[in-house]
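Residue-level structure breakdown
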Amino acid sequence: MSDNKFLSTKTVSIVGVPFSGGQPRGGVEEGPLRLVEFGLLNQIQEMGWKVDYEGNNNISSLRPNQDPDVLNLKQPKYVSNVTHAVAKQIEERARQNKFVLTLGGDHSVALATVTGVFSVYPNACLIWVDAHADINTPATTDSGNIHGCPVSFLTGIAGSHPDFAWVKPLLKTNRLVYIGLRDVDAAEKKILRDYKIKAFSMHHVDRYGIGNIVEMALDHVNPKRDLPIHLTFDVDALDPSVAPSTGTPVRGGLTFREGHYICEALAETGLLVAADIMEVNPALESEMEVFQTIQVGCSLARCCLGESLL
Ligand SMILES: NC(=[NH2+])NCCC[C@H](N)C(=O)O
Ligand SMILES: [Mn+2]
Ligand SMILES: [Mn+2]
């Protein structure tokens, strides 16, 4: 049926989350549809997967009339309403033993993907590929943008916030590993140190090479190679020359191959149960650069599903 140790069916549930409320730049809500229009569903079907797709086109109906900042966070009620609803949807799809592929949307949507996936696979591990650590708390965030904070809620580091009481600390800090970091706020660095969270920055990628980095990352979160894996891939982990159309680009990122290698190596384990492709913003940069970013988003997704394995 499937080479995946946790999935009995070779079915992918693609969940589009056209949401930009976790950060200020419009356009990232167009990411999912553009990836789908590019042909992603057919591409994945042609690889032999059954595919179902839910586009979540009613998200703006979850916007409250009033949504003042609470404890420094911007639009907390909107982000909470959307991610809570999507978390239930993702949990349901994962429980049906489907691979869940989530298309963002900004990275606040990881509140939904991680909650949904870890509700079904409590012993899963999370590989967070990003230029940023997204682990600010309401107390440490400078921007107030919730896409910079999801990890602090998912791990319980954030403490309580009235709008996010539904987010349970399902993610243990020793089941989390970062790859690609290069723009981490001072307060986030302190959190990473204090909680001994494993993080491989671009400096480590340069030093050890991406092949070793993925092995070292898995040795940390999945030493026996027997636990389910969730990959959340912020396309700004890639160098801006590879994925230019994203809201917070940072120079010095992963090459095209390094990004794809991560997805391929995780697919190869047969343990990957969910993947997120986040922060594609088709409203930024030129038409050519948008095309390039959409194309790379699609190929990362296909590699997560085993495209490049022989
Ligand atoms: N998902 C992202 N692109 N996050 C960028 C976060 C940037 C910054 N650390 C902040 O808290 O606002
Ligand atoms: Mn991110
Ligand atoms: Mn990022």
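Source: prediction; values computed, not measured. (Residues numbered from 1 in each chain as written. Chains lettered and ligands numbered in written order. Predicted model: local features only at pLDDT ≥ 70, side-chain atom pairs only at ≥ 80, totals over all residues. Heavy atoms only, no water.)

Let's talk about the coordination of the manganese ion (ligand 3)
Our working definition: Sites may look incomplete, because water is not among the atoms used; the donor set itself consists of N, O and S atoms within 2.8 Å of the metal (3.2 Å for Na, K and Ca). Helix and strand definitions here come from DSSP, where helices need a minimum of 4 consecutive H or I residues and strands a minimum of 2 consecutive E residues; each element is numbered from the N-terminal end. Accessibility here uses a 1.4 Å probe with only protein chains present; expressed as a share of the type maximum, an area under 20% marks a residue as buried, one over 50% as exposed, and anything in between as partly exposed.
For the manganese ion (ligand 3), the full set of protein donor atoms is Asp-130 (OD), His-132 (ND1), Asp-234 (OD), Asp-236 (OD) and Asp-236 (OD), at a range of 2.1 to 2.4 Å. The sequence pattern formed by the donor residues of the manganese ion (ligand 3) is D-x1-H-x101-D-x1-D. The two metals, the manganese ion (ligand 3) and the manganese ion (ligand 2), are separated by 3.2 Å and share Asp-130 as a common coordinating residue. Separated by 106 residues along the polypeptide, Asp-130 in the loop between strand 4 (125-129) and helix 5 (150-154) and Asp-236 in the loop between strand 7 (229-234) and helix 9 (256-269) bring together distant segments of the chain. An identical accessibility class is assigned to Asp-130 and Asp-236; each is buried.

What about the coordination of the manganese ion (ligand 2)?
Ideal values for angles at a metal depend on the geometry: 109.5 degrees with four tetrahedral donors, 90 or 180 degrees with six octahedral donors. Coordination of the manganese ion (ligand 2) by the protein comes from His-107 (ND1), Asp-130 (OD), Asp-134 (OD) and Asp-234 (OD), over a distance range of 2.0 to 2.2 Å. Of note, the manganese ion (ligand 2) draws all its donor residues from one chain, in the sequence arrangement H-x22-D-x3-D-x99-D.

Description of the site of ligand 1
Stated formally: Throughout, the term near means that a residue has one or more heavy atoms lying within 4 Å of the molecule or strand in question. Pairs of N or O atoms are called polar contacts if they sit within 3.5 Å, as long as, within protein, a hydrogen donor faces a hydrogen acceptor (for residues adjacent in sequence, only side-chain-to-side-chain pairs). For the area figures, the Shrake-Rupley method with a 1.4 Å probe applies, and any residue is considered shielded solely by the protein chains shown. Residue type decides the class: Asp, Glu, Lys and Arg count as charged, Ala, Val, Leu, Ile, Met, Phe, Trp, Tyr, Cys and Pro as nonpolar, and the leftover types, Gly among them, as polar.
Surrounding ligand 1, one finds 13 residues, the nearest of these being Asp-134, Asn-136, Ser-143, Asp-185 and Thr-248. Between ligand 1 and Asp-134, the relevant distance is 2.9 Å, taken from a nitrogen atom to a side-chain nitrogen or oxygen of the residue. Between ligand 1 and the protein, one listed contact pairs a nitrogen atom with a side-chain N or O atom of Asp-185 at 2.9 Å. In the complex, 92% of the free accessible area of ligand 1, which totals 340 Å², lies under the protein chains. The residue makeup of the shell around ligand 1, split by class, is no nonpolar, seven polar and six charged.

Let's talk about the UniProt feature "binding site: Mn(2+) 2" (unreviewed entry) in the protein
Threshold: UniProt positions are given in the numbering used here, feature names are shortened, and annotations may be inferred rather than shown by experiment. Every residue pair with non-hydrogen atoms within 4.5 Å of one another is taken to be in contact.
When the UniProt feature table is mapped onto this chain, "binding site: Mn(2+) 2" (unreviewed entry) is found at Asp-234. Following the sequence through the fold, Asp-234 ends up in strand 7. Judged by relative accessible area, Asp-234 falls into the buried class, the value being 2%. Once residues lying within four places of it in the same chain are set aside, the contact partners of Asp-234 are His-107, Val-129, Asp-130, Asp-134, Thr-246, Met-278 and Glu-279.

Quick look at the sheet that holds strand 8 (residues 272-278)
Rule in force here: Any two strands between which DSSP finds at least two bridges are classified as paired. In this analysis an axis means a line fitted to C-alpha atoms, helices contributing only their contacting stretch, and an angle means the value between N-to-C directions, from 0 to 180 degrees.
The strand order 2-1-3-8-7-4-5-6 describes an open sheet built from eight strands, whose pairing is parallel. The outermost strands of the open sheet, each flanked by one partner alone, are strand 2 (50-54) and strand 6 (198-201). Ignoring strand direction, the axes of neighbouring strands in this sheet form an average angle of 15°. Relative to strand 3 (residues 99-104), strand 1 (residues 11-17) is paired through six bridges, and the arrangement is parallel. The residue bridging Ser-13 from the neighbouring strand is Val-100, located in strand 3.

A short note on unusual backbone geometry
In this structure, the amide linkage connecting Gly-104 to the following residue, Gly-105, adopts the cis form with an omega of 10°. As for its position among the elements, Gly-105 is in the loop between strand 3 and helix 4 (110-120). Even without a glycine there, the phi angle at Leu-71 is positive, about 45°. Checked against the element boundaries, Leu-71 lands in the loop between strand 2 and helix 3 (76-95).

Observations regarding the packing of helix 9 against helix 10 (residues 287-304)
Put simply, the rule reads: Orientation is classified from the angle alone, with under 35 degrees giving roughly parallel, over 145 giving roughly antiparallel, 65 to 115 giving roughly perpendicular, and any other angle giving oblique.
One can describe the packing of helix 9 onto helix 10 by two numbers: an axis separation of 7 Å at closest approach and a directional angle of 25°. Between helix 9 and helix 10, the angle falls in the class roughly parallel. Contacts between helix 9 and helix 10 involve Phe-256, Gly-259, His-260, Cys-263, Glu-264 and Ala-267 from the former and Val-296, Ser-299, Leu-300, Cys-303 and Cys-304 from the latter. Here the residues of the contact of helix 9 with helix 10 are counted per class, giving seven nonpolar, three polar and one charged.

Structural notes on the packing of aromatic side chains
To keep it simple, the criterion reads: By convention, a stacked pair of Phe, Tyr or Trp rings (six-membered ring in the case of Trp) has centres within 6.5 Å and planes under 30 degrees apart, an edge-to-face pair has planes over 60 apart, and any other such pair is tilted.
Under the defined criterion, the tally for this structure stands at six aromatic pairs. Ring geometry for Phe-38 versus Phe-291: centroids 5.6 Å apart, planes at 65°, classification edge-to-face. Linking Phe-38 in the loop between helix 1 (31-37) and helix 2 (40-46) with Phe-291 in helix 10, this pair joins segments that are 253 residues apart in sequence. Centroid distance Trp-128 to Tyr-178: 6.4 Å. Interplanar angle 65°. Geometry classified as edge-to-face. In this pair, Trp-128 sits in strand 4 while Tyr-178 sits in strand 5 (residues 176-181), placing the two residues 50 residues apart along the sequence.

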